Amino acid sequence: PAEKKFALYIDIRNKGQSEVIELLNQSLENMRLIDKTCYSLEEICRELERNFAKKRIVQLYLFIDEADAFLDESSMDNYSVLWPFVDLKRKTKNQFKFVLAGLHNVARSRRALDNNGILPQLGAPLCIRPLSPADAKKLVERPLSYLGFRMGEQQLALILANTNYYPGILHFFCYTLVQSVSDNYKSYYSVTGGNPPYILKDDQMKAIFASEDLNNNIKDKLHLTLNLDTRYKMIANVIAFMNYEDERNENAQWQGYYDVNDILKSIRKNTDSPHLRDLSQSDLEALLYEMTDMGILSSKPNSKMFRFRKNSFLQLIGSEDEVLSALLEEGEVASV
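The following paragraphs examine the structure supplied in this document. Predicted model, so just to flag it, every value in this text is computed and none were measured.

Observations regarding the overall build of the protein chain
And step 1. Check the secondary structure of the protein chain and you find 16 helices and 8 strands.
And step 2. When burial is assessed residue by residue, the protein chain has 43% of its 336 residues classed as buried.
And step 3. In the protein chain, the proportion of contacts linking residues at least 24 apart, taken out of those at least 6 apart, comes to 66%.
And step 4. A total accessible area of about 18,700 Å² is found for the protein chain, and carbon and sulfur atoms account for 49% of it.

A few points about the state of the cysteines
And step 1. In total, this model carries 0 disulfides according to the counting rule given.
And step 2. Lacking any disulfide linkage, Cys 45 is separated from the closest cysteine sulfur, that of Cys 38, by 9.2 Å.

Structural notes on the side chain of Asn 25
And step 1. Position of Asn 25 among the secondary structure elements: in helix H1 (residues 17-30).
And step 2. If we skip the residues at most four places from it in the chain, Asn 25 touches Ile 34, Lys 36, Thr 37, Cys 38 and Ile 44.

As for the sheet that holds strand E7 (residues 297-299)
And step 1. A sheet is described by the order of its strands in space; here 3 strands give the open sequence E6-E8-E7, paired in antiparallel fashion. Edge strands, defined here as strands with exactly one partner in the open sheet, are strand E6 (258-259) and E7.
And step 2. Pairing between E7 and strand E8 (residues 305-308): 3 bridges, direction antiparallel. Along E8, the bridge assignment pairs Leu 297 with Phe 308.

Some remarks on the packing of helix H8 (residues 167-183) against helix H11 (residues 212-226)
Any two packed helices are characterised by the angle at which their axes cross and by the distance between the axes.
And step 1. Viewed as axis vectors pointing N to C, H8 and H11 meet at an angle of 170 degrees, and their least axial separation amounts to 10 Å. The angle between H8 and H11 places the two elements in the roughly antiparallel class. On H11, the residues that touch Gly 168, Ile 169, Phe 172 and Phe 173 of H8 are Asp 213, Leu 214, Asn 217, Ile 218 and Lys 221.
And step 2. In terms of residue class, the contact of H8 with H11 is made up of 5 nonpolar, 2 polar and 2 charged.

Quick word on the pairing of strand E1 (residues 5-11)
And step 1. Covered by surrounding structure in E1 are Phe 6, Leu 8 and Ile 10 only, the residues Lys 5, Ala 7, Tyr 9 and Asp 11 on the alternate face being uncovered.
And step 2. Alignment of E1 against strand E2 (residues 59-65), held across 7 bridges, turns out to be parallel. For Lys 5, the partnering residue across the bridge sits in E2 and is Gln 59.

Some words on the pattern of salt bridges
A side chain of one charge can pair with a side chain of the opposite charge if their charged atoms are brought near each other.
And step 1. All told, the structure shown has 13 salt bridges when counted by the stated rule.
And step 2. Between Glu 43 and Lys 36 there is a salt bridge; the shortest N-O distance is 3.5 Å.
And step 3. Taking relative accessible area as the criterion, Glu 43 reaches 16% and is therefore assigned buried.
And step 4. Residue Asp 87 pairs with Lys 91 through a salt bridge whose shortest N-O separation is 3.7 Å. Of this pair, Asp 87 and Lys 91 both sit in helix H4 (residues 83-91), 4 residues apart, which is roughly one turn of that helix.
And step 5. Look at Asp 87 and you get partly exposed, because its relative accessible area is 27%.
And step 6. Among the charged side chains, a network of salt bridges with common partners joins Glu 49, Asp 87, Arg 90 and Lys 91.

Looking at the packing of aromatic side chains
And step 1. Under the definition given, this model contains 6 aromatic pairs.
And step 2. When the centroid spacing of 6.5 Å and the interplanar angle of 85 degrees are considered together, the rings of Tyr 61 and Phe 63 count as edge-to-face.
And step 3. Using a relative accessible area of 27% as the deciding quantity, one classes Tyr 61 as partly exposed.
And step 4. Relative accessible area serves as the criterion here: at 36%, Phe 63 is assigned to the partly exposed category.
And step 5. Aromatic pair Phe 85 and Phe 98: ring centres 5.0 Å apart, planes at 45 degrees, arrangement tilted. One end of the pair, Phe 85, is in helix H4; the other, Phe 98, is in strand E3 (residues 96-100), and 13 residues separate them in sequence.

Focus on the environment of Trp 83
And step 1. On the secondary structure map, Trp 83 appears in helix H4.
And step 2. With relative accessibility at 37%, the residue Trp 83 sits in the partly exposed group.
And step 3. Trp 83 sits 41 residues away from Glu 42 along the chain, and the two C-alpha atoms are 8.3 Å apart.

Let's talk about the pairing of E2
And step 1. For E2 and E3, the ladder comprises 5 bridges, and the chain directions are parallel. Opposite Phe 63, over in E3, you have Val 99 as the bridge partner.

Some remarks on the nonpolar core
And step 1. The biggest cluster of nonpolar side chains holds 58 residues, and the ones touching the most others in it are Val 140, Phe 173, Ile 263, Leu 284, Leu 288 and Phe 308.
And step 2. Top contributing element to this core by residue count: helix H12 (residues 230-248), with 10 residues.
And step 3. Setting aside its immediate chain neighbours within four residues, Leu 284 contacts Ile 235, Val 260, Ile 263, Leu 264, Ile 267 and Leu 279.
And step 4. Core analysis: the second largest hydrophobic core is formed by 33 residues, Ile 10, Ile 44, Phe 96 and Phe 98 among them.

Things to note about a negative patch on the surface
And step 1. Taken together, the side chains of Glu 19, Glu 22, Asp 72 and Glu 73 make up a negatively charged region of the molecular surface.
And step 2. Contributing elements (two or more residues each) for the negative patch: H1 and helix H3 (68-75).
And step 3. Summarising the element assignment, Asp 72 is placed in helix H3.
And step 4. The class of Asp 72 is partly exposed, set by a relative accessible area of 37%.

Things to note about helix H10 (residues 202-209)
And step 1. Listed as buried for H10 are Gln 204, Met 205, Ile 208 and Phe 209. Along H10, the residues classed as buried sweep out an arc of 130 degrees about the axis, all on the same side.

What counts and what doesn't
- Every chain is numbered independently, its residues counted from 1 as its sequence is written.
- Restriction of local features to residues with pLDDT of at least 70 applies here, the model being predicted, together with a cutoff of 80 or more for giving and counting side-chain atom pairs; totals for whole chains, interfaces and linings are based on all residues.
- Side-chain descriptors were evaluated using all non-hydrogen atoms of the structure, hydrogens and water having been removed beforehand.
- Comment: elements are numbered from the N terminus, with helices defined as DSSP H or I runs of at least four residues and strands as E runs of at least two.
- Think of it in three bands: with a 1.4 Å probe and only protein chains considered, a residue is buried below 20% of the maximum accessible area for its type, exposed above 50%, and partly exposed in between.
- Should any heavy atoms of two residues lie within 4.5 Å, those residues are considered in contact.
- Only the protein chains shown count as covering a residue, and every accessible area follows the Shrake-Rupley method with a 1.4 Å probe.
- Note that a disulfide, as used here, is simply two cysteine sulfur atoms within 2.5 Å.
- Whether two strands pair comes down to DSSP finding at least two bridges between them.
- Every axis in this analysis is a line fitted to C-alpha atoms, fitted for helices over the stretch in contact. Angles between the N-to-C directions lie between 0 and 180 degrees.
- Between 65 and 115 degrees an angle is taken as roughly perpendicular, under 35 as roughly parallel, over 145 as roughly antiparallel, and anywhere else as oblique.
- Classes in brief: Ala, Val, Leu, Ile, Met, Phe, Trp, Tyr, Cys and Pro nonpolar; Asp, Glu, Lys and Arg charged; the others, Gly included, polar.
- Salt bridge criterion: a side-chain nitrogen from Lys or Arg within 4 Å of a carboxyl oxygen from Asp or Glu.
- Two rings from Phe, Tyr or Trp (for Trp, the six-membered ring) form a pair when their centres are within 6.5 Å of each other. A pair whose planes differ by under 30 degrees is stacked, one over 60 is edge-to-face, and the rest are tilted.
- Nine residue types can take part in a nonpolar core, namely buried Ala, Val, Leu, Ile, Met, Phe, Trp, Tyr and Cys, and a core is a set of them joined through side-chain atoms within 4.5 Å.
- Patches draw on residues past 30% relative accessible area with no salt bridge. Two like charges within 9 Å are joined, as are two nonpolar side chains (Val, Leu, Ile, Met, Phe, Trp, Tyr) within 5 Å.
- His is not counted, nor are the chain ends; Lys and Arg add positive charge and Asp and Glu add negative charge.
- To locate a charge, take NZ of a lysine, CZ of an arginine, CG of an aspartate or CD of a glutamate.
- What the arc covers is the set of directions going from the helix axis to the C-beta atoms.

Shown next, in the form of structure tokens:
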């Protein structure tokens, strides 16, 4: 504030445009960045522009979190509600900047870039995916090395494969590993002859991989992502069912990937879910790319073909009977 540089963070979970305007008013008035109550985003931005011109504000960063409901409502009007922010950013020569963060509707906005006049001006959206192999390796190795532990390349590869490169699950695994060593030190190391670095033992790793807590954590993370949108969950069940069908069919020419047209045919054949009933091919393709962005699926380069990013996801989603029950249950709900 002494340099007239400000940052404002607001959480707008489940809030629409009118509530966002009210929250911005309160926050900016409390920070004395506007002098009156405003009744639109245009008016708020005009007030901020005046105070930039008067040098009362030199720099302002606005961080808007949990923006899904806001963006969902904004999409109905082609995101025109964002124009005042874009305009203020331009007029202040980027001394005003804003960031919109959220979950599936933020990911969905990526697909609007090609045919929308506003979103391209905001820059390329960033999707937080599972870690890259290099970053995941660093996240595991570095903290453990500070604690005096060292692991082999095969052990590290096993950890990354079993945690699906998800940072939260990697943290949970390493925490469990450290706790296991602390609780069972004598079982793995000599009290008298042990100096770091300590080499991690295979039986330590196996005990943690067999842990019900770890497997439940992985399953919960996957389902938490799928439950962001019922359509994600249903599409995952359809792709799982296609996998199980191919496993039973000795003549199936299965290469792991499914074309968007085949997925759409399977949807229409195997479920009458109200969430998927009127889905067009382009809508399905957009959803499949969203699921790819979020680490559930992977897409084959230069094609419109998709598969689960990890083979282990198939069992995490459910057995063949569980998947079939989920698809039939949606159809029954639709007919009620």
